[in-house]
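Architecture and fold: a report
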Amino acid sequence: MSDFPSTGASTQSDAALAQTSAPTTGTGQSGDVVRAVVREVPDKVSTDGLEQKFDERWSAEGTFAFDRTATREQVYSIDTPPPTVSGSLHVGHVFSYTHTDVVARFQRMRGKEVFYPMGWDDNGLPTERRVQNYFGVRCDPSLPYVEGFEPPHAGTEGKAVKPADQVPISRRNFIELCERLTADDERQFEELWRRLGLSVDWSQTYQTIDATSRAASQRAFLRNLERGEAYQAEAPGLWDVTFQTAVAQAELEAREYPGHYHRVAFHRPDGTPVHIETTRPELLPAVVALIAHPDDERYQDLFGTTVTSPLFGVEIPVLAHPAASVDKGAGIAMCCTFGDLTDVQWWRELQLPTRSVIGRDGRLHRETPEWIAAGPGAGLYAEGLAGRTTFSARKAVVEALVESGDLDGDPKPTQRMTNFYEKGDKPLEIVTSRQWYIRNGGREWSADGTTRDLKSELLARGKELDFHPDFMRVRYENWVGGLNGDWLVSRQRFFGVAVPVWYPVLASGEIDHDHPITPTAAELPVDPTSQAPAGYDESQRGEPGGFVGDADVMDTWATSSLTPLIVAGWERDADLFERVYPMDLRPQGQDIIRTWLFSTVVRSHLECGVLPWKNAAISGWILDPDRKKMSKSKGNVVTPMDLLVEHGSDAVRYWAAAARLGTDAAFEVGQMKIGRRLAIKVLNASKFALTFGVDPESGTGEITLDPAAVTVELDRAMLAGLADVVDQATAALEAYDHTRALEITESYFWAFCDDYLELVKDRAYGAGASASDLTAETVSARTALAIALDVMLRLLAPFIPFATEEVWSWWRTGSVHRAPWPTAQPLRSAAADADPLALAAAGNALAALRKVKSAAKVSMRTPILSGTVAVPAALLPGVESAIGDIRGAGRVEGTLELVEAAEGQGNPDVQGGIVVTASELGEPPAKKPRG
C-alpha cells in the first residue's frame, strides 16, 4: 500500500448562505450578496446515467482526495471495513457501507478533511475455498513449484469443482492463483462501490495480504512476542477436521446436532457398576476420570476411590468438581481428553493426565495407546478402532459394550448443542497441538513477577469507546467478561500472513521450539517456509544444526485487527500517522464485535496504549421478506449491482439510510421506489425553482441569494422552518443518527414542495414582468426559493449524492459535496421573527380550498368566486399573513372571508382544523383541444 498524498482538493470557505465559490456582488447582511448563474437546466430531468457521469467527474477533479497537509484537529479519519474478497458483495454490504458514507460526506461538508481509505480483506480461508472451487485445485505443500501453471478450470461452468476432482498443486502455485482471483474480485468490488457513490479516495487502496500489510502484521506479532504478549503452547484446542486448522473461541458457532445418550457401566473394585451417560462412547479409550458435583449425595462414598473403564480396564479416579451438573444424565460424567471444553477445564484444574486418541484428521490414532496396549481392550483398539473416523469408532464401541453387557438399555436419541467452526459443517474436535496465542485477558498473566489484569484493562477501554447505538456496548462487555482463554492466532492454512519465526534444529534432529529465530524489522515481510533466516542458507533447512520454518499462518483477524495502524502508516509514514491516528470512527456489523472490534482494541491497547478510534458505528442486519438474516450461506442474498441499475444508486442509498444503526432492516424494494421518487422530485422541484428569471431563449440567468431581499412574511416563515430543520438534522448527524436527519429533511422537503411551491408559484412568476420591473414581493419569492434550494441540496447531499450533485451543476461551481454544511443562523437572520407555523397554516388553508374543488370533481384551475374559511385561532395570523398567496394559488377571484373557527368545528388532523364553510365556484376552464 502506498501513502495518501494530497491532490490539492480543499474545502470551500464558510461565507453567507450559499458559501460556495460562485461570484459575488453587491452588499447584504454578511457584506456580500451571493449571485449564482444558472448555466443550463435540462428540458427533461432524469436520474439515469448520473452515477457514471459524476464518478468520472469526481475522479478527474479529486473531489474526495485526502489533503494530508491538514492537522489532526482538521481531520476526520475512518477505519473502513475491508470487505472479504470471496466472490461477490451482497446487499448487506451496500446497506452498511452507505451508513459510513453518509457520515463521511457530512463530516467533509462540516469542513473536515476526511481520511476514508478502502481495503480488501483477501487472506484466509474464504479466499482459499473460492480458489479451490473456482480453479479446481487444492494445495499440497510437498509438491514442487510449476512455472507458468494454468489451472484446469476458470469458473466458467458456474459450479464448484468437487474435492475429489481438484488437482493438487504446490503452495507457491496455489498462492499465485489466490492473488490472481482476488485481483479480479477487487476490480468488481470497486466498480460496485463507485456505482453506489462511496466517497473514498480511489487512488489509494490496500490489501490485507499485500507487502505493507504483511510487514505490519508480522512486526506487531514480533512486538507482542518481545513483550511477552504472544506465546506458543502445546495445549488442547478446538480443531476443524475438514479444514485442518485450529479454531479460535471467537469463531465458534453452537448448533444442534443429533446424537444418542448411552448409559455405560464403569466398575468399582468389587465389580459394582457406576453408570454414566455419554453421547460420545468412542472416547472411552481417552477417559481419565469420573467427575461429580461435590455436593451430590449419591457419590460421596465414591470420591477419592477408583473405578475401571469398560472394555479397556483402565483404572481412573472419581473426583469432585463444581462444574459437574447434578441434574444432567446420571449426575456423574466421564472426563476424556478431550470431548468438550468442560473436559479441558477439568483436565487443567484437576491436573489430570493427557490421553488423547483423536488426531488432526478426525480419526483415532493408528497406534494403540500405551495405557491400553497391555490391557483387555488392546485387541479391540487395534482391530476395531485404530484409524477409524469418530462415527465408525462409535459404532464399534457400542457393539462391544452390548457384547460385554456394559451398555444399560438402548441408546436414547437426543439433540445436543455442539461447537462448530462458523464456516464448517462437522462438529469440532479438541486435539492437542502446538499453537501461537496473543494475550487478550482470557487467562491470568504474570509479567515481571506481577499479575496483570488485562481483562479489566480491556473492559475499561470499552467504557471509553462511544458505541452508536450505545446498547451495543453490552455485547463487547459480555464477550470480554466471558473469555476463558487467550486468542489463538495460528492457523494451519496456506494463503495468509506467515508466522515470522524459524526454529533451530538440534544436533539430535529435534526441533527447539523454545528458542525461536526471529527476523529484524527491516527484513519484513518474510515467509519462513521459503526463506532462510539470517546466518543460514536453504541447504540447512530441516538438517541437524540447521533450521525449520514455522509452517503456520496467522488468523485473518490478526491482520485485520491492525487495519487502523496499517492505513495510518504505522512505523512507515510518521507524518500521516500523526494526522489520522487514533482514528475517529470504526463502522462495522454487530456480529463481529467479538472478533474485529475487540481484537483491534486489544492490538491498539497493547501496542499504542490507546483506543484505536473514538466511535464505533454498528449496523444491523438485512432481513429477507421472511424476517431471516440475509447471508451467502443461507442462499437468500440479493445481488446489489442489479438493484443499483434498476432503481438507481440514490434510491438504494435512501433505503439503506432509512434504517438506524444497530437496527435490523427488511429488504424492501418499495422503500427504494420511494427513494427514487425523492431523487426525481429533487430534480423537478429544483428545475422549477431555477426557471424564474431565466432567459427562455438562452436558458441562462442570474439568481440572487441576498437574505435582505426576502421581505414577505410567508417567505420568511419558510426560512424559519428550514432553520429548525438545519439545527435538528445537524444534531442528528452529530449523534450518528442519520435516519433521523433524513426523516427531518425529507419531511420538510415534501412540505416545501406541496405547500410553499404551490403557494408562491404565481408571485414568483411575477405576471411576466421583465427583470427590471419585478415587484419586491416577486423578488422575495425568487430569493427565498433559491436560498431554500441551496440549503436543502446540501442537507440531502449525503443521502442522495447524485441527484443533488446534478442540480448543483446547473447553477453552482465546484461540488455540493465540498460545499460547507448549512448553518441555521443566516436563515434565522433572514426570517427575522417570522413564525414557521405560518407556512403550514397557509398550506392547510390552500388544501381546504382545493378540497372543495375535489368534492365538486372540477379542475383545480376552476375559479372560486367567493368563500368563507373557518380557521382555528392559533393559525389565523399565519393564514392572514399569506392571504394574497392563498388567493392566487387557490384561484380565488372574489371575496375570501376568514373567520375564527368555533370549538370543535374542524378536525385538527385534517388540514389543521381549517374548513371551508361556504363557497361559490365559477365555470371550469375549457379543456385544451388535443393535437
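Notes on the structure follow. (Residues numbered from 1 in each chain as written. Predicted model: local features only at pLDDT ≥ 70, side-chain atom pairs only at ≥ 80, totals over all residues. Heavy atoms only, no water.)

In this section: the overall build of the chain. In terms of regular secondary structure, the chain is built from 26 helices and 34 strands. Expressed along its principal axes, the backbone C-alpha trace of the chain runs to roughly 115 × 65 × 60 Å. Of all 931 residues assigned to the chain, the portion counted as buried reaches 55%. Excluding contacts between residues fewer than 6 apart, the proportion of contacts in the chain whose partners are at least 24 apart in sequence is 78%. Counting every atom, the chain has about 38900 Å² of accessible surface; 49% of that belongs to carbon and sulfur. (Helix = DSSP H or I, 4+ residues; strand = E, 2+ residues; numbered from the N terminus. Buried < 20%, exposed > 50% of the residue type's maximum accessible area, 1.4 Å probe, protein only. Contact = heavy atoms within 4.5 Å. Areas by Shrake-Rupley, 256 points an atom, 1.4 Å probe, with all protein chains shown as cover.)

To continue, consider the packing of helix H16 (residues 640–647) against helix H18 (residues 669–690). Each pair of packed helices can be summarised by the angle the axes make with each other and by the distance between the axes. For the pair H16 and H18, the least separation of the axes is 11 Å and the interaxial angle reads 40°. Comparing their axes, H18 and H16 come out oblique. The hand of the H16/H18 crossing is right-handed. From H16, Leu643, Glu646 and His647 reach across to H18, where they touch Val669, Met672, Lys673 and Arg676. (Axes fitted to C-alpha atoms, helices over the stretch in contact; angles between N-to-C directions. Parallel < 35°, antiparallel > 145°, perpendicular 65-115°, else oblique. Left-handed = near helix turned anticlockwise from the far one by under 90°.)

One open sheet accounts for three strands, arranged E21-E28-E27; its pairing is parallel. Each of the sheet's edge strands pairs with one partner strand only, and the pair in question is strand E21 (466–468) and strand E27 (583–589). Each adjacent strand pair in this sheet contributes to an overall mean axis angle of 20°, direction not counted. The sheet contact formed by E21 and strand E28 (residues 613–619) spans three bridges and is parallel. Bridge pairing links Asp466 to Asn615 in E28. In this fold helix H15 (residues 593–608) packs onto E21, E27 and E28, with an angle of close to 160° to the strand it touches most, E27. (Pairing = 2+ DSSP bridges.)

Look at the link from His468 to Pro469: it is a cis peptide, with omega at 0°. Its place among the elements puts Pro469 in the loop between E21 and helix H11 (473–481). Looking along the chain, the bond that leaves Leu524 and enters Pro525 is cis, with omega of 0°. In this structure, Pro525 sits in the loop between strand E24 (502–504) and strand E25 (547–549). With a phi close to 55°, Glu571 is a non-glycine residue in the positive phi region. Here Glu571 shows up in the loop between helix H13 (563–567) and helix H14 (574–580). Even without glycine at this site, Gln911 takes up a positive phi of about 50°.

This paragraph deals with the packing of helix H19 (residues 713–734) against helix H23 (residues 824–831). Two elements in contact, H19 and H23, have axes separated by 8 Å at closest approach and are oriented at 160°. One element, H19, and the other, H23, form an angle in the roughly antiparallel class. Read as a crossing pair, H19 and H23 show a hand that is left-handed. For the pair H19 and H23, contact is made by Arg716, Leu719, Ala720, Leu722, Ala723, Asp724, Val726 and Asp727 and by Ala824, Leu827, Arg828, Ala830 and Ala831, respectively. Here the contact of H19 with H23 is built from residues that sort into nine nonpolar, no polar and four charged. (Nonpolar A, V, L, I, M, F, W, Y, C, P; charged D, E, K, R; others polar.)

Ranked by internal contacts, the top residues of the largest apolar core, which has 94 residues, are Phe752 and Trp811. Top contributing element to this core by residue count: helix H20 (residues 738–765), with 13 residues. Those residues within four positions of Trp811 in sequence are excluded, and the remaining contacts are Ala36, Val37, Val38, Arg39, Leu690, Ile703, Leu705, Ala786, Leu789, Asp790 and Leu793. In this structure, Phe467, Val489, Phe495 and Val499 belong to the second largest nonpolar core, which totals 72 residues. (Core = buried A, V, L, I, M, F, W, Y, C linked by side-chain atoms within 4.5 Å.)

Here the structure, examined in full by the defined rule, presents 50 salt bridges. Across the pair Arg828 and Asp727 runs a salt bridge, and its minimum N-O distance is 2.7 Å. Here Arg828 is found in helix H23, whereas its partner Asp727 is found in helix H19, with 101 residues between them in sequence. Taking the relative accessible area as the measure of exposure, Arg828 reaches 35% and is therefore partly exposed. A single salt-bridge network, built from bridges that share partners, covers Arg219, Arg223, Arg227, Glu229, Glu571 and Glu607. (Salt bridge = Lys/Arg side-chain N within 4 Å of Asp/Glu carboxyl O.)

This next bit is on the packing of aromatic side chains. Inspection of every chain in the model, using the stated rule, returns 24 aromatic pairs. Ring centres of Trp655 and Phe667 lie 5.9 Å apart, and the angle between their planes is 80°; this geometry places the pair in the edge-to-face category. With a gap of 12 residues between them, Trp655 in helix H17 (residues 649–657) and Phe667 in the loop between strand E30 (665–666) and H18 connect regions that are remote in the sequence. Given a relative accessible area of 3%, Trp655 falls into the buried group. Measuring from ring centre to ring centre gives 5.1 Å for Phe688 and Phe692, while their planes differ by 80°; the resulting arrangement is edge-to-face. On the basis of relative accessibility, which here comes to 5%, the residue Phe692 falls in the buried class. By way of ring pairs, the aromatic residues Phe54, Trp58, Phe64 and Phe802 are connected into one cluster. The ring of Trp596 carries Arg586 above its face, with NZ or CZ at 3.1 Å from the centroid. (Phe/Tyr/Trp six-rings, centres within 6.5 Å; stacked < 30°, edge-to-face > 60°. Lys NZ or Arg CZ within 6 Å of the ring centre and 35° of its normal.)

Moving on, we get to the sheet that holds strand E33 (residues 892–900). Pairing in this open sheet of three strands is mixed, and the strands run E33-E32-E34 from one edge to the other. In the strand order of this sheet, the two ends are held by E33 and strand E34 (915–921), each with one partner. Going from strand to strand, the sheet's axes swing by 10° on average, the running direction of each strand aside. Pairing of strand E32 (residues 864–871) with E33 involves seven bridges; the strand directions are parallel. Along E33, the bridge assignment pairs Thr868 with Glu897.

Among the 11 residues of strand E9 (residues 230–240), 10 are classified as buried, and the element is accordingly described as predominantly covered. Where E9 lies against strand E10 (residues 245–246), two bridges are found, and the strand directions are antiparallel. Along E10, the bridge assignment pairs Trp239 with Ala246. Linkage of E9 to E10, two consecutive antiparallel strands, is achieved through a turn of four residues, within which Gln244 is found at a positive phi near 55°.

Attention now goes to helix H3 (residues 125–135). The set of residues buried in H3 consists of Leu125, Thr127, Glu128, Val131, Gln132 and Phe135. Relative to the axis of H3, the buried residues are bounded by an arc of 165° and lie together on one face. Residue Gly136 follows H3 closely and has a positive phi angle near 70°. (Arc of directions from axis to C-beta.)

The next point concerns the pairing of strand E18 (residues 429–438). With respect to burial, E18 is a largely interior element, eight of its 10 residues being buried. Sheet analysis places E9 next to E18, joined by 10 bridges and oriented antiparallel. Within E18, the residue paired with Ala235 across the bridge is Ser433. Here E18 pairs with strand E22 (residues 487–488) via two bridges, running antiparallel. Pairing of Ile438 across the sheet is with Trp487, part of E22.

What follows covers H16. Three or more residues of H16 are buried, namely Pro640, Leu643, Leu644 and His647. Axial view of H16: buried residues confined to an arc of 95°, hence all on one face. Residues Asp642, Val645 and Glu646 are exposed on H16 and point more than 90 degrees away from its buried face. Those residues of H16 that are buried are in contact with helix H2 (91–109), helix H4 (171–196), H17 and H18.

This next bit is on the side chain of Ser815. Within the secondary structure layout, Ser815 lies in the loop between helix H22 (801–811) and H23. A distance of 2.6 Å separates a polar atom in the side chain of Ser815 from a polar atom in the side chain of Glu805. (Polar contact = N/O pair within 3.5 Å; in protein donor to acceptor, adjacent residues only side chain to side chain.)

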